[in-house]
Amino acid sequence: MEHIKIKYFTEDIDKLTYIDGKSDWIDLRSSETVELKKGDFKLIPLGVAMELPEGYEAHVVPRSSTFKNYGVLQVNSCGIIDGSYCGDEDMWRMPVYATRDTVIEKNERICQFRIVKNQPKIVFEEVSSLNHENRGGFGSTGRR
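To keep things clear, this report deals only with the structure shown in the data block. (Residues numbered from 1 in each chain as written. Predicted model: local features only at pLDDT ≥ 70, side-chain atom pairs only at ≥ 80, totals over all residues. Heavy atoms only, no water.)

The tally for this structure, following the rule as stated, stands at one aromatic pair. Ring centres 5.2 Å apart and planes at 85° place the aromatic pair tryptophan 92 and phenylalanine 113 in the edge-to-face group. Placement of the pair is tryptophan 92 in the loop between β8 (79–81) and β9 (93–98) and phenylalanine 113 in strand β11 (residues 109–117), with a sequence separation of 21 residues. Owing to a relative accessible area of 3%, phenylalanine 113 belongs among the buried residues under this scheme. In this arrangement the basic side chain of lysine 15 is found over the ring face of tyrosine 8, its NZ or CZ atom lying 4.0 Å from the centre. (Phe/Tyr/Trp six-rings, centres within 6.5 Å; stacked < 30°, edge-to-face > 60°. Helix = DSSP H or I, 4+ residues; strand = E, 2+ residues; numbered from the N terminus. Buried < 20%, exposed > 50% of the residue type's maximum accessible area, 1.4 Å probe, protein only. Lys NZ or Arg CZ within 6 Å of the ring centre and 35° of its normal.)

Considered as a void within the structure, the largest pocket measures approximately 480 Å³ in volume. What lines the largest pocket is a set of 15 residues, among which Glu2, Ile4, Tyr18, Ile26 and Phe113 lie closest to the centre. Elements that contribute at least two residues to the lining of the largest pocket include exactly β1 (5–8) and β11. Here the element with the most residues in the lining of the largest pocket is β11; it accounts for three residues. (1 Å grid on protein atoms, 1.4 Å probe; cavity = no way out; pocket = protein on both sides within 12 Å on 5 of 7 lines; lining within 4 Å. Points joined across faces, edges and corners; volume = space filled by probe spheres on them.)

With that out of the way, let us pick up the environment of serine 77. Assignment of secondary structure puts serine 77 in the loop between β7 (72–74) and β8. What makes serine 77 exposed here is its relative accessible area of 56%. Placed 17 residues apart in sequence, serine 77 and valine 60 show a C-alpha to C-alpha distance of 8.8 Å. Residues within four places of serine 77 in sequence aside, it is in contact with Val61 and Pro62. (Contact = heavy atoms within 4.5 Å.)

Encoded structure:
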């Protein structure tokens with residue numbers, strides 16, 4: 001089992017929990033109340049900093065209900081937090097764009113994360129053919 005050191009920037013949000021059997025994603029919460037007008041951009045503070053295990057990174061994405069509930073889009077689609085972002089002031093944040101006027105209350109669950117092993121070192125080998133049957137192009141299942 002991996003261990004992650006975590007620093008909380010406030011006592012006003014629930015501590016992170018892992019819900020066995022439901023999902024291996026962990027919810028993150030807004031650490032302050034955020035008011036946004038349609039068209040606003042904001043880095044929403046998530047109230048935590050972490051030291052990830054060696055060789056891991058965190059993938060941060062919106063919860064499935066985030067857009068429906070708040071009308072915000074995460075502007076980088078998927079946030080990647082690498083292992084070097086682990087200083088005492090390196091609070092995690094979610095960059096959002098508001099599609100309508102909205103308020104996200106302190107302690108609301110707005111995104112989620114999981115840790116993933118870093119990609120191994122790879123070498124690209126240039127070839128003139130991959131020697132496989134053509135599947136028919138982008139989005140094709142290979143059936144005709």
